[in-house]
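Observations on the three-dimensional arrangement
Okay, here's what each chain looks like letter by letter:
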Amino acid sequence: MITTILTIATVLCTHTPTAPSIDRYEGWMMTNVEIESPEDIEYLRNLGARSLACYDHAGQTQMLMTEKMIESARLHHISTKITERNITTYIEKIDQQRSDARAAGIGGWYSDFKTWPEVNTHIQQLADNAPELASVFEVGTTHEGRTIFGIRITSPGDATNRNRILFNGCQHAREWIAVMVPVYIAEHLIEGWSNNSEIQSFLDSTEVIIVPIVNPDGYEWTYASGGDRFWRKNRRNNNGSCEGVDLNRNWDIDWNGGDSTSTSTCSDVYVGPSVFSEPETQAMRSLIESLPNFVTHIDFHSYSQLILKAWGYTSTPHPDDDIIQSLGIAMRDAYQSVHGEQYIVGTPGDVLYYADGTFQDWTTSVGALGYTVELRPTGSSPGFDLPPSEIIPTCEESFEGILAMLRFISNPISITFPNGLIQFVNPGEMHELSIQMQTPLGGEVNSSTAKVHIRYGEDGTEATVPLQHNGGELFTAYIPGSLCGLTTEFWLDVETMSGQYQRYPAGDTSLTAGVAQLIEHVTMDQNPNWTTEGLWSWGQPAGGGGQYGNPDPTSGATGNNVIGYNLNGDYENNLSEKHLVAGPFNLSGNQNTQLQFSRYLNVEQPVYDHASIAVKSGAGSWQTVWTNSSEITDSQWQTVSYDISGMADDSDSVWVRWTMGSTDSAWQYSGWNIDDVSISASIPPGVAGDVNCDGLVDVEDVLAVISSWGPCEGVCAEDVVPDQNINVSDILLVIANW
Ligand code: 0X9
Ligand code: ZN
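Since this is a predicted model, take the numbers as computed values, not measurements. (Residues numbered from 1 in each chain as written. Chains lettered and ligands numbered in written order. Predicted model: local features only at pLDDT ≥ 70, side-chain atom pairs only at ≥ 80, totals over all residues. Heavy atoms only, no water.)

Inspection of the region around ligand 1 gives 18 residues, with Arg232, Asn248, Arg249, Tyr353 and Glu374 positioned closest. If ligand 1 stood free it would expose 410 Å²; the protein chains cover 100% of that surface. Contributions of two or more residues to the shell around ligand 1 are made by β9 (294–302) and β12 (369–375). (Near = heavy atom within 4 Å. Areas by Shrake-Rupley, 256 points an atom, 1.4 Å probe, with all protein chains shown as cover. Helix = DSSP H or I, 4+ residues; strand = E, 2+ residues; numbered from the N terminus.)

What follows is the structure, encoded as structure tokens:
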């Protein structure tokens, strides 16, 4: 659907009509409009409807319209749902909700959105209470003479060589939650410094600069009586009927380039009379130019729950996209870990629309990793008027998100596993672990000292194996097979050429693997009779569908049959979630449970359509294992594996669920096809003596010991008493465990 989004977004963002004047909302209504084509948008624009989201793509979007416009739209077969008949009373209702929340005081300072003076007072108090750590400073002055304030936070001591990271909010006036989040970050970094050793060590090596309100004039206008709750831009006097410049179009990166930009002063995406024409963007630029070692930046906005990365102005990928993407994913996972909210990572072009002259692209162009985070909510309503009760949760998940960023930049070497981690180390096999090592902040990995430590069982034999360097960022570790019932622990030790040390995983935890045991295996040759909804069914797929993406396969990965969503074609439009549920499986006594299956999946990107996997244990709730984070267009079967140990280990009733949907109103794909589902787990500890790993301690194990008699190099299954010698003590232990 990408092309459609782009066209539509460009059209709307370029031609947003004049904002209604002082009694501006008399007769206007808030609507959710169902957009089906760029023509719909063009039509609405000509009517004079005012888009609030600037996100308009096929599906629902939030707009202000008059009764007359709604009527005309209906005649034109554009469906509009009125969410608020009277904007004035809507705003009164929101105000009431806010003053109730303030009176109740839940969440303290974060019980309600705060005005510009309130924010200034609060950050000043934070700094006054921790003068050794934080200080408030002036970033610049606006058209209307307001001061833009920032707060710097770093541990006491010489900060010259520390990394700098910047968080700002509120380039866009109406995006109120994007003010609360940076303030919360400042407060909790300061607090964390005194009671959280991880935060303390971040602040020892990093100076965090926070500017909660880049656009105080616009922000105050959204609170002023006679002002405009839905104001986006700053308050430049354009010497005409319309005020303001879109600060997030005023930066020197393809300024006025035509993607979601306008030279009309009345447009919500007016680029300004010249690049960096605005005191706010100039002030932020000077601040950034004064920062040595500027490494990362988040520009907070709302709404849609997105983590947008560079570039936003072009489809050409950034040369460091792999690093930018992995930090994006780390933040997404962190956001999700707190309240389960899903944020989507991508370039604006992938998930939203291109835009020229934006802040994130400019900070990226001067050498930082710049992101735009669009905060809660997701859908079209309540939009900018997030209920006050969601301030704290949004701040909490954002704080985890920025901790993920701080973790990322405090690791000199970023380690990832292109083929996933090793879960099982079966006896007699060498297990290959592919490792990618990047240095996001510069420097080089010392390939001659990189190594993996391996330990067999608690307090067991230890070995160190060098990593094989395959050139560039790629390395391979070879992990030998383990012994039945023994857990292998391993961790990586690497350093940069300049001697900065990195362990993976950090701290003193380690990766673990054990000997695999297949617990369930469903080949799909026969119908497993799992519970289905909608068009889920068992049988041979017919190769149908593929309006977008690829059609279904014509047989299974093995054999003819599969379980799939609509074996005869595509999934439906406007589908609600349809589940396929397998189980219950008895996994009691099992550790390190892994789900594996053959996948042939086609689904649109998750702004529109969804495919997911979840697991449930006993009476617990469903936990998401995987959901599509982009469009998926499989054209052949592939094996996928998921670590479900945290959800399924040692439970006597585990259910696994595949879900098709929800889907939006356009673009159909062929959906799920599933074959050869297996569940494996590590053989539980405590079967010492089972030398051949067949689950029994018997005469065959004695014979195995005898046949390998003598010294043992490294780890040997026959060396049951691990003393590097295969001898009579091993036979005695086998017999003892008979
Ligand atoms: O359009 C914007 O400036 C941002 N969205 S918002 O609705 N908060 O106004 C998105 C900017 C992200 N960057 C690009 N699209 N390039
Ligand atoms: Zn914004």
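That shown, we press on.
Our focus in this paragraph is the environment of Val581. Examined against the element boundaries, Val581 turns out to sit in strand β26 (residues 578–585). Taking C-alpha positions, Val581 is 38 Å from Ile82, a pair spaced 499 residues apart along the chain.

Inspection of every chain in the model, using the stated rule, returns 23 salt bridges. Here Arg235 makes a salt bridge to Glu243, at a shortest N to O gap of 3.8 Å. With relative accessibility at 27%, the residue Glu243 sits in the partly exposed group. Connected through salt bridges with shared partners, the residues Arg98, Arg102, Asp112 and Glu118 form a single ionic network. (Salt bridge = Lys/Arg side-chain N within 4 Å of Asp/Glu carboxyl O. Buried < 20%, exposed > 50% of the residue type's maximum accessible area, 1.4 Å probe, protein only.)

What follows is about the coordination of the zinc ion (ligand 2). For a metal bound by four donors in tetrahedral geometry, the ideal donor-metal-donor angle is 109.5 degrees, whereas six donors in octahedral geometry ideally sit at 90 or 180 degrees. The protein atoms donating to the zinc ion (ligand 2) are His172 (ND1), Glu175 (OE), Glu175 (OE) and His301 (ND1), with metal-donor distances spanning 2.0 to 2.2 Å. In terms of primary sequence, the donors binding the zinc ion (ligand 2) are separated according to H-x2-E-x125-H. Taken as a pair, Glu175 in the loop between β7 (163–169) and α6 (177–195) and His301 in strand β9 lie far apart in primary sequence, 126 residues in all. Pair check on accessibility: Glu175 and His301 agree, each one buried. (Donors = N, O, S within 2.8 Å, 3.2 Å for Na, K, Ca; no water.)

This part is about the nonpolar core. Formed by 64 residues in total, the largest nonpolar core has its most connected members in Ile151, Phe167 and Phe300. For this core, the leading source of residues is α6, giving 12 residues. Once residues lying within four places of it in the same chain are set aside, the contact partners of Ile151 are Ile123, Leu126, Ala127, Ala134, Ser135, Val136, Phe137, Ala186, Ile190, Val208, Ile209 and Ile210. In this structure, Phe597, Tyr642, Val654 and Ile674 belong to the second largest nonpolar core, which totals 37 residues. (Core = buried A, V, L, I, M, F, W, Y, C linked by side-chain atoms within 4.5 Å. Contact = heavy atoms within 4.5 Å.)

In this chain, Ser302 is followed by Tyr303 through a cis amide linkage whose omega measures 10°. Relative to the elements of secondary structure, Tyr303 occurs in the loop between β9 and β10 (306–309). The step from Gly661 to Ser662 runs through a cis peptide bond, and the omega angle for that step is 0°. Mapped onto the secondary structure, Ser662 falls in the loop between β33 (654–660) and β34 (673–682). Despite not being glycine, Ser304 has its phi angle at roughly 135°, a positive value. Topologically, Ser304 is positioned in the loop between β9 and β10. A positive phi angle, close to 50°, is found at Asn574, a residue other than glycine. Considering the arrangement of structural elements, one finds Asn574 in the loop between β25 (562–565) and β26. With a relative accessible area of 57%, Asn574 lands in the exposed category.

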